[in-house]
Amino acid sequence: MVLLAACSSEPPYVPAAEREEKGSGDQNQGEKPSEEENGNSGSNGNNGNNGDDGNDGNDGESGDEGTTVIGGHKGVDLGLSVYWGAANLDGGNVGADGNPFAPGSLFKWGAIAPVTSSEAVTSFPEVAVDTDIAGSGYDAATALWGGSWRMPTQAEMEELVSSCEIEWEDGGYRFTAPNGESIYLPTAGYCDLLPDNPAVYDLQYISRRGYYRVSTGSVCLMLDREEGSPALITVPPYAACSIRPVSSR
């Protein structure tokens with residue numbers, strides 16, 4: 001199933017600083033950093049945020065019940081093969097724990113900086129979609145959170161879907177694992193090109209759909225409030241989607 005660009009009947013792109021939390025059409029993601037022309041910054045893909053070991057001395061510290069702090073960010077123990085981040089990746093809040101209800105930033109395939117409201121279709125790294133970019137210089141989760149944080153693989157995303165109970169909850173979906181722990185994935189929409197202006201992005205499907213990237217194939221987990229069942233679909237590399245980081249156990 002291939003996702004095609006939707007018409008511009010959806011709400012226009014709203015700058016991150018003007019957005020509110022929890023499914024509103026104007027969701028607040030905080031200030032975003034500037035983006036280099038190709039969508040990446042830095043030669044090694046870490047934005048200078050990682051120390052020598054990338055863990056900021058916090059790996060393994062206990063957080064709230066059911067969470068652990070890894071490299072300064074909360075991971076939730078769902079009893080699965082990896083820890084899942086407690087919040088979406090947000091380029092404007094590097095180093096913060098993050099709000100689990102906030103939509104976070106949206107990223108093109110292989111770009112470590114979030115999109116802005118006006119970008120050319122070619123302004124993203126040319127990374128083969130059959131390449132696994134987890135933990136590489138093209139992995140935004142590794143670049144912004146550091147340490148062992150990375151994008152989930154397709155197998156890890158499939159494990160999350162198959163292992164958890166999934167329920168709609170006011171602007172997103174809650175995934176509850178057999179051990180009782182859960183994560184919340186906001187339906188933050190995605191950014192695609194306007195059909196009549198290929199240089200401008202449009203924020204589409206906000207509060208209805210969430211698109212969460214995996215580390216191969218320009219594939220996303222699509223969560224649709226109307227369709228109900230989650231599905232792994234292919235999206236264009238230039239479309240900007242959410243990322244929920246994971247960390248090895």
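Residues numbered from 1 in each chain as written. Predicted model: local features only at pLDDT ≥ 70, side-chain atom pairs only at ≥ 80, totals over all residues. Heavy atoms only, no water.

Trainee: What's the story with the layout of surface pockets in this structure? I'm lost.
Mentor: Gaps left between atoms are located by rolling a probe of water-molecule size over the structure's atoms. Of the volumes computed, that of the largest pocket is approximately 180 Å³. Lining the largest pocket are 13 residues; nearest its centre among them are Thr67, Val76, Ala86, Pro100 and Ser182. At three residues, the largest contribution of residues to the lining of the largest pocket is made by strand S8 (residues 182-186). Tallied by class, residues from the lining of the largest pocket come to six nonpolar, three polar and four charged. (1 Å grid on protein atoms, 1.4 Å probe; cavity = no way out; pocket = protein on both sides within 12 Å on 5 of 7 lines; lining within 4 Å. Points joined across faces, edges and corners; volume = space filled by probe spheres on them. Helix = DSSP H or I, 4+ residues; strand = E, 2+ residues; numbered from the N terminus. Nonpolar A, V, L, I, M, F, W, Y, C, P; charged D, E, K, R; others polar.)

Trainee: Even after reading the chapter, I still don't get the environment of tryptophan 84, so can you show me in this structure?
Mentor: Here tryptophan 84 lies in strand S4 (residues 82-85). When the C-alpha positions of tryptophan 84 and proline 152 are compared, they lie 8.7 Å apart, and in sequence the two are 68 residues distant.

Trainee: I would appreciate a short explanation of the environment of isoleucine 183 in the present structure.
Mentor: If you trace the backbone, isoleucine 183 turns up in strand S8. Here isoleucine 183 falls in the buried class, since its relative accessible area comes to 2%. Along the sequence, isoleucine 183 and alanine 87 sit 96 residues apart, while their C-alpha atoms lie 8.0 Å from each other. In contact with isoleucine 183, not counting residues within four places along its chain, are Val76, Leu78, Trp84, Gly85, Leu160, Tyr173, Arg174, Phe175 and Arg244. (Buried < 20%, exposed > 50% of the residue type's maximum accessible area, 1.4 Å probe, protein only. Contact = heavy atoms within 4.5 Å.)

Trainee: Explain empty space enclosed by the protein here, please?
Mentor: For the coordinates displayed, the defined rule picks out one cavity of 30 Å³ or more. Put simply, the largest cavity is a space of about 30 Å³. Forming the walls of the largest cavity are Ala87, Asn88, Asp90, Asn93, Ala96, Asp97, Gly98 and Trp145. The class makeup of the residues in the lining of the largest cavity is three nonpolar, three polar and two charged.

Trainee: What should I look at first to understand the sheet that holds strand S6 (residues 165-168) in this one?
Mentor: Two strands in a sheet stick together by hydrogen bonds in their backbones, pointing the same way (parallel) or opposite ways (antiparallel). Reading across from one edge, S6-S7-S8 is the order of the three strands in this open sheet, with antiparallel pairing throughout. Looking along the sheet, the strands with just one partner apiece sit at the ends: S6 and S8. Sheet twist, expressed as the average angle between the axes of neighbouring strands with direction ignored, equals 20°. Bridge count between S6 and strand S7 (residues 172-176): four bridges; the pairing is antiparallel. Pairing of glutamate 167 across the sheet is with arginine 174, part of S7. Along the sheet face, helix H2 (residues 154-163) touches S6, S7 and S8 and points at about 80° away from the line of S7. (Pairing = 2+ DSSP bridges. Axes fitted to C-alpha atoms, helices over the stretch in contact; angles between N-to-C directions.)

Trainee: It is not clear to me how the sheet that holds strand S12 (residues 219-224) should be interpreted in this structure. Could you clarify?
Mentor: Strand order in the open sheet made by the three strands is S11-S12-S13, with antiparallel pairing throughout. Each edge of the sheet is formed by a strand with only one pairing partner; in this case those strands are strand S11 (209-213) and strand S13 (231-234). When strand polarity is set aside, the average angle formed by the axes of neighbouring strands in this sheet is 35°. Inspection of the sheet shows S12 paired to S13 by four bridges, in the antiparallel sense. Paired with valine 219 across the two strands is threonine 234, which belongs to S13.

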